Amino acid sequence: MTNQEAAPGAGGGHGGGCAFEGCCGRRRGSVRLIDARMPELARCLTLFQHVQAVTGGPAARIDQAGSYAVPTVRGEAFALTPGAITLRLDGVASAAVARDEETGSVAVRLFDADGATAHQGRLLSEGDRLLSGLAGTVAPGALRDEPGPAPGVPGWEDGDQLAQLDAILADGGAARRAAFHRYRGEHRPIGAELVPAVLDHVCSVGLPVGVAVFAPAAVQVCGGRVHVTERTVGGRVFAAVADSSVEIDLTRVRGCHLVRSAAAHGPTSAIELDDEDGRCVAVLTQFGIVEERVHTAWEHLAASLPDA
């Protein structure tokens, strides 16, 4: 079975770029389709201990090495697991284990219904590459009759932080953004050019921050202190956040909003970045339970950001 025959995402669907190493190449390799349903997929991912996990697209990308926390799906409870690769999924239509015959590298790839790559986990150890053979194989088309994700997310208009996250995960947040006048929480547009300054500030004062990066059918989340930031002449912003590397291409960001919603410590602000199609590609916020001083400092920073 060739890479082009079996990999649903090999044909593209990345919207002008690809965040995934080796995804669009023409190297010789083999691909095995595996069960993309939960909890079978969760059992497969959590087998691996040494993974380089990538989620994102042309506008934003997150890259983290480590092992997987148990992934969740839209509608379930959610918690950011420090030090672990944290995924939340919705609408993963197929999954595959791909081996490059020239290099011997092995990766697990998740795809949405359109064949776009939602997430890639490159297996870094020989032990994990051997374990990948334990993933159950399914025949092409075997899962096509599975019901797809429910359209939209009811209740986001007055929902909490998780409701906002899930509304974005459902369709990139396009439906939510189109009807954002119905949102009952505080929200206002801000300039995307403020993002590098925000990252520089939290880095300099040691303020932890959470980052979520979205791709079709998946969001990967990290959180912790920002160790270093960098901005290129071409408009790309890099930040090392805890154990993750986050990259944002500001030239592809067409909108930026500051949104407040209910969370563990009360109303919590989130900086949401949208691409040219109105889909949210990244969120900066405080996830879950953090120290009160951290929440207070983050809210003071958010309040200081001027309107667009």
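Our subject is the structure listed above.
Residues numbered from 1 in each chain as written. Predicted model: local features only at pLDDT ≥ 70, side-chain atom pairs only at ≥ 80, totals over all residues. Heavy atoms only, no water.

Brief notes about the overall build of the protein
Okay, so step 1: When its secondary structure is counted, the protein shows seven helices and 17 strands.
Okay, so step 2: Sorting the 308 residues of the protein into buried and exposed places 52% on the buried side.
Okay, so step 3: A sequence separation of at least 24 residues applies to 62% of the contacts in the protein between residues at least 6 apart.
Okay, so step 4: A total accessible area of about 13,500 Å² is found for the protein, and carbon and sulfur atoms account for 53% of it. (Helix = DSSP H or I, 4+ residues; strand = E, 2+ residues; numbered from the N terminus. Buried < 20%, exposed > 50% of the residue type's maximum accessible area, 1.4 Å probe, protein only. Contact = heavy atoms within 4.5 Å. Areas by Shrake-Rupley, 256 points an atom, 1.4 Å probe, with all protein chains shown as cover.)

Some remarks on the environment of His119
Okay, so step 1: Here His119 is to be found in strand β8 (residues 117-123).
Okay, so step 2: Side-chain polar atoms of His119 contact the backbone oxygen of Val54, separated by 3.1 Å.
Okay, so step 3: There is a polar contact of 2.7 Å between the side chain of His119 and the side chain of Thr55. (Polar contact = N/O pair within 3.5 Å; in protein donor to acceptor, adjacent residues only side chain to side chain.)

Remarks on unusual backbone geometry
Trans is the prevailing form of peptide bonds, just as negative phi is the prevailing case for residues other than glycine.
Okay, so step 1: Here the amide bond leading from Met38 into Pro39 is cis, since omega sits at 5°, within 30 degrees of zero.
Okay, so step 2: The backbone of Ala217 shows a phi angle near 75°, a positive value even though the residue is not glycine.
Okay, so step 3: Along the chain, the position of Ala217 falls in the loop between β10 (209-215) and β11 (218-224).
Okay, so step 4: Unlike most non-glycine residues, Ala242 shows phi in positive territory, near 55°.
Okay, so step 5: Structurally, Ala242 can be placed in the loop between β13 (236-241) and β14 (244-249).

Some words on helix α7 (residues 292-304)
Each α-helix winds once per 3.6 residues, and so residues spaced three or four apart point in a common direction.
Okay, so step 1: For α7, which comprises 13 residues, the first-to-last C-alpha distance of 19 Å matches the rise-based estimate of 18 Å (1.5 Å per residue) to within 8%.
Okay, so step 2: Looking at the buried side of α7, the elements it contacts are β9 (187-189), α6 (195-205), β10, β15 (253-263), β16 (266-275) and β17 (280-285). (Expected span 1.5 Å × (residues − 1).)

Quick look at the environment of Val106
Okay, so step 1: Note on placement: Val106 falls in strand β7 (residues 106-111).
Okay, so step 2: Of the residues examined, Val106 reaches a relative accessible area of 1% and is grouped as buried.
Okay, so step 3: Sequence-wise, Val106 and Leu124 are 18 residues apart; in three dimensions their C-alpha atoms are separated by 8.1 Å.
Okay, so step 4: Beyond its immediate chain neighbours, meaning those up to four positions away, Val106 contacts Val97, Ala98, Arg99, Gly121, Arg122, Leu123, Arg129 and Ser132.

Considerations on the packing of aromatic side chains
Okay, so step 1: Under the defined criterion, the tally for this structure stands at two aromatic pairs.
Okay, so step 2: A centroid spacing of 6.3 Å and a plane angle of 15° characterise the contact between Trp156 and Phe180, whose relative ring orientation is stacked. In this pair, Trp156 sits in the loop between α3 (126-131) and α4 (161-171) while Phe180 sits in the loop between α5 (174-178) and β9, placing the two residues 24 residues apart along the sequence. In this structure, Trp156 and Phe180 share a single accessibility class: buried.
Okay, so step 3: Ring plane angle 5° and centroid distance 5.3 Å describe the contact between Phe180 and Tyr183, whose orientation is recorded as stacked. Each member of the pair Phe180 and Tyr183 is classed as buried.
Okay, so step 4: Among the aromatic residues, those joined into a cluster by ring pairs are Trp156, Phe180 and Tyr183.
Okay, so step 5: Here Arg177 stacks its cationic end above the ring of Phe180, 4.9 Å away from the centre of that ring. (Phe/Tyr/Trp six-rings, centres within 6.5 Å; stacked < 30°, edge-to-face > 60°. Lys NZ or Arg CZ within 6 Å of the ring centre and 35° of its normal.)

Here's the deal with the nonpolar core
Okay, so step 1: Counting residues in hydrophobic clusters, the biggest one holds 35 residues, and the most contacted among them are Val211, Val241, Val246, Ile248, Ile271, Leu273 and Trp298.
Okay, so step 2: Ignoring any residue separated from it by four or fewer positions in sequence, one finds Trp298 in contact with Val198, Val202, Leu207, Val209, Ser269, Ile271, Leu284, Thr285 and Gln286.
Okay, so step 3: Core analysis: the second largest hydrophobic core is formed by 23 residues, Phe48, Ala53, Val97 and Val108 among them. (Core = buried A, V, L, I, M, F, W, Y, C linked by side-chain atoms within 4.5 Å.)

Brief notes about the pairing of strand β5 (residues 86-89)
Okay, so step 1: What you see with β5 is no split at all: Thr86 and Arg88 on one side and Leu87 and Leu89 on the other are buried throughout.
Okay, so step 2: In terms of strand pairing, strand β4 (residues 72-73) meets β5 through two bridges, oriented parallel. Each residue of the ladder has a partner; that of Val73, found in β5, is Leu89.
Okay, so step 3: In terms of strand pairing, β5 meets β11 through four bridges, oriented antiparallel. Pairing of Arg88 across the sheet is with Val219, part of β11. (Pairing = 2+ DSSP bridges.)

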